[in-house]
Amino acid sequence: MLVMNRIEDWLDHVDPWGQREASDLLQAVLQGAPTGIFDCACSLDGQRWLVMAAHAEAVLCLPASELPALAAQISERFQLPVARTGQAWWTQADLHEDRLAANESRPAPLWDAPYPALRSKA
């Protein structure tokens, strides 16, 4: 799996089709949760955020401080309302504790092997 650190390169690689997919991507980033075909998840240590798309083999890995820049670029590139990008930044710091508490009940992330592959053949 390819790990990318530059926002522009990742957006070019993933290339959301139309306003709906771009809106899903923006909401995934703002909420820090899966939305449509996109997912944004905090690393277990809380230092990095991973942004993924179900249709791409590339993961965007960013420090939490760069998430506002990602949301702004998505908003600018796809002409989404700027007001959406500022809604949730004050709560992002609190998401890490909530994610750790709820991590066991969350569905497997996109990058994990499918369930049958994890089962023993015995």
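Everything here concerns the structure above.
Since this is a predicted model, take the numbers as computed values, not measurements.

A. Looking closely at helix α2 (residues 18-31). Between its first and last C-alpha atoms α2 spans 20 Å; for 14 residues at 1.5 Å apiece the expected length is 20 Å, and the two agree. Among all positions of α2, only A22, S23, D24, L25, L26, Q27, A28, V29 and L30 are buried. Backbone geometry just downstream of α2 places G32 in the positive-phi region, at approximately 65°.

B. Molecular detail of the sheet that holds strand β1 (residues 2-4). On the basis of which strands lie adjacent, the open sheet formed by 4 strands has the order β1-β4-β3-β2 and mixed pairing. Two strands close off the open sheet at either side, each with one partner strand: β1 and β2 (38-42). In this sheet, adjacent strand axes meet at a mean angle of 25° when their direction is disregarded. Two strands pair when backbone bridges link them, and β2 and strand β3 (residues 48-53) are joined in this way by 5 bridges, in the antiparallel orientation. Within the sheet, the bridge partner assigned to F38 lies in β3 and is A53. Sheet strands in contact with helix α1 (residues 7-14) are β1, β2, β3 and β4 (58-63), and its direction is about 155° off that of β4. Docked against the sheet, helix α3 (residues 67-77) engages β2, β3 and β4, running at close to 125° with respect to β4.

Thresholds, definitions, all that
Residues numbered from 1 in each chain as written. Predicted model: local features only at pLDDT ≥ 70, side-chain atom pairs only at ≥ 80, totals over all residues. Heavy atoms only, no water. Helix = DSSP H or I, 4+ residues; strand = E, 2+ residues; numbered from the N terminus. Expected span 1.5 Å × (residues − 1). Buried < 20%, exposed > 50% of the residue type's maximum accessible area, 1.4 Å probe, protein only. Pairing = 2+ DSSP bridges. Axes fitted to C-alpha atoms, helices over the stretch in contact; angles between N-to-C directions. Contact = heavy atoms within 4.5 Å.

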